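Spelled out, the chains give:
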Amino acid sequence: MLGLVMRQLFVDAFKKLYGEEPPAQNVSFQKTRPEFEGDVTIVVFPFVKIAKKAPDVIAKELGEEMVKESEYIAKYNVVKGFLNLLISDKYWIGFMQKTHLNEKFGRKEVAGKPVVVEYSSPNTNKPLHLGHIRNNLLGWSVSEILKANGENVVRVNLVNDRGIHICKSMIAWQKWGNGCTPESTGKKGDHLIGDFYVMFDKHFKEEVKNLLPANYDQLSDDDKEKAKVEAENASPLMQETREMLRKWEAGDKEVRELWEMMNNWVYEGFDVTYKRLGVSFDKIYYESQTYLLGKSTVMDGLKKGVLYQRDDNSVWCDLRDEGLDEKLLLRRDGTSVYMTQDLGTAQLRYDEFHPKKLIYVVGNEQNYHFDVLKRVLVRLGFEWGNDIEHLSYGMVELPSGKMKSREGTVVDADDLMDEMEATAKNVSEELGKAHGLSDEESAKLYHMIGLGALKYFILKVDPKKTMLFDPKESIDFNGNTGSFIQYTHARICSVLRKAAEANVAIGDKVDIDSIQPGEKSLLTNIYTWPSVLEQAAINRSPAMIANYIYDLCKAFNQFYQECSIMKEPDEKRREFRLQLAAMTARLLRNAGELLGMQMPERM
RNA sequence: GGUCUGGUAGCUCAGCUGGAUAGAGCAACAGCCUUCUAAGCUGUGGGUCUUGGGUUCGAAUCCCAACCGGAUCACCA
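Throughout what follows, the structure given in this document is the object of discussion. In this text, all values refer to a predicted model and were calculated from it rather than measured experimentally.

The topology assignment puts F270 in helix α11 (residues 253-277). Separated by 260 residues in the primary sequence, F270 and F10 place their C-alpha atoms 56 Å from one another. Residues within four places of F270 in sequence aside, it is in contact with P122, N123, K126, P127, L128 and D190.

Okay, here's the thing in structure tokens:
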């Protein structure tokens, strides 16, 4: 809003003074640094050639002209080539009047073709861990951000429910499970299955070790590798597992029943975790229902001559002319690989929604995969392959290094949430903030705080970057944390409660004619929200939202410290400050929602 | 080795399409609760923005190279 008005004003002034339009790309506005007076700064260096005058002279002339022409510019000053403009209080008050009650400030109406966002995409052989948490939070949050920007978002999940890894858990359960169930063990289904997966791996390793040749240690690296592969193939456990997969694919009744039962345990477990994390989906795809679809497309491509077949019958796509490699699409035995399945699911999804964009929230280790996927689709004649966007996020590392399931260093999602909530409880009790709440209320509050801290901690870093998850730091509730955000909200609510108790009415009308410094930095902060939201959507970056609310909260806390609200003697100013506080709280809820964070009224 | 990606304070991170003296939090130290929630506020110290070139009025930001990390290049998913 301000940007456009200012731009026009500047262009007009410039034309009038120098008889020429300034090059549009050089006209940029930025926030004035706090050490100078003003709100908006224009850099005039790029215009010295056109104006043929010294930078400070140009700045002065432009400033003079702009102040004269607009009632919204109160004054200006020039420092070197920087023209600082002070926006009049009248403008800010007008903005405040217009927006302070708007719950949806900055949001746009949803319209247009759908945008499909896939995220989570779990395997059904183990419970969710920290890596999945980043994925889920990102997928959820980016969806919310896009929705807030008017996109018609459809959230989908693709469950990898079939394959050799599932069979491993099944074999282990058959052998050593003694018919146990989540009920009989009191374990969450996904954890129970995960345990059997680990159990399989342990026994399998043991077998392989015993099958290695006696002289294994003396072999060369190449031979070692060979011997290992041989041993793995010879392992009875592995053979049984492969046999089970074959039976599964053949539709063997017994295997399918076992598979269904165990997968359902997992889904029940996942549901609990998803619910607690606060994420959900509009549609869930199962790979077992879609994995065959890719095959026919590949066969079509083969017929059309876009793909080719080798002597061993395997099918490939040659992408070498695009700087990539050859990619296998069907194994020599005719079974499908990951890529084949993804070709199928992409088509299914496209046919169902005809979206303008298909966004996949998947870790950056699969960058190459998606690069290939898009190109193969386009080659097969699906132009919309170009509408696929891989929202590629960085890995989560621990202070000890990478998470490795085999070394037991994975951080389990359920455990982590338990811990966050428990810490929220401890801290609240230590600070003596928990009194007066029922058990149910306090449990809800600890959930809000614990999960809020976790979400903020993860979402505040740029999705593209590898992030370090330090448990000690994640559980700290001071400084740049989710708790700080929530605390600020609770503080505002507390003031508003006090006002209500004192029967101080807060009207709709903003009735004030000047703004004080402490008030202004808060207000100008709020003012930038719509552009932040827009940028966050363009960049698919919840981090931009998180950084924004942090600044907003800092601005509020400074205001709170500097300006007494309820003790303000001037009634109109007191009301204005209450309006400002209420507006901040609204915005915190509005923005917090985009990160999946709830805002407590007291804490 | 090919491709992609990153390197900012002791640690974790901001820094938008180039703009003023590079910012926060944590950690350290020093202040502020008879006053709206101290999970807060204020201040101090801490930097060759990995290095070297280039582009220009101006570079943490753009380009090239080197060094160091990470990912990927499976008839795994």
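That shown, we press on.
Counting residues in each nonpolar core, the largest one holds 147 residues, and the members touching the most others are L130, I485 and W529. Ignoring sequence-local partners within four residues, the contact set of W529 consists of F105, G106, I545, Y548, L587, N590, A591 and L594. In terms of nonpolar packing, the next biggest core, distinct from the first, is built from 30 residues, V315, V337, L343 and L373 among them.

Another point: the protein's contact with RNA strand B. The full set close to RNA strand B counts 65 residues, and D312, K402, Y487, R491 and Y560 are the nearest of them. The protein-proximal atoms of RNA strand B, defined as those within 4 Å of the protein, are 63% sugar or phosphate. In the model, a sugar or linking oxygen of RNA strand B is placed 3.0 Å from a nitrogen or oxygen of the Y550 side chain. Where the surface near RNA strand B is concerned, the elements lending two or more residues are β2 (40-43), β4 (82-87), α16 (413-430), β15 (467-468), α19 (482-501) and α22 (542-562). In terms of residue class, the surface near RNA strand B is made up of 27 nonpolar, 18 polar and 20 charged.

On to the pattern of salt bridges, then. Across all of its chains, the model carries 43 salt bridges by this definition. Ionic pairing is found between D190 and K188, a salt bridge with its closest N-O pair at 3.2 Å. For R246, the salt bridge identified is with E243, shortest N-O distance 3.4 Å. A residue pair is termed a helical-turn pair when its members lie 3 or 4 positions apart in one helix, as R246 and E243 do in helix α10 (residues 236-250) at 3 residues. Judged by its relative accessible area of 52%, R246 is exposed.

What follows covers helix α5 (residues 130-148). Given a rise of 1.5 Å per residue, 19 residues ought to cover 27 Å, and the 27 Å separating the end C-alpha atoms of α5 matches this to within 8%. Counting buried positions over the 19 residues of α5 gives 18, a clear majority of the element. A positive backbone phi angle near 90° is found at G150, which sits one or two residues after α5.

Conventions and cut-offs
- Residues numbered from 1 in each chain as written.
- Chains lettered and ligands numbered in written order.
- Predicted model: local features only at pLDDT ≥ 70, side-chain atom pairs only at ≥ 80, totals over all residues.
- Heavy atoms only, no water.
- Helix = DSSP H or I, 4+ residues; strand = E, 2+ residues; numbered from the N terminus.
- Contact = heavy atoms within 4.5 Å.
- Core = buried A, V, L, I, M, F, W, Y, C linked by side-chain atoms within 4.5 Å.
- Buried < 20%, exposed > 50% of the residue type's maximum accessible area, 1.4 Å probe, protein only.
- Near = heavy atom within 4 Å.
- Polar contact = N/O pair within 3.5 Å; in protein donor to acceptor, adjacent residues only side chain to side chain.
- Nonpolar A, V, L, I, M, F, W, Y, C, P; charged D, E, K, R; others polar.
- Salt bridge = Lys/Arg side-chain N within 4 Å of Asp/Glu carboxyl O.
- Expected span 1.5 Å × (residues − 1).

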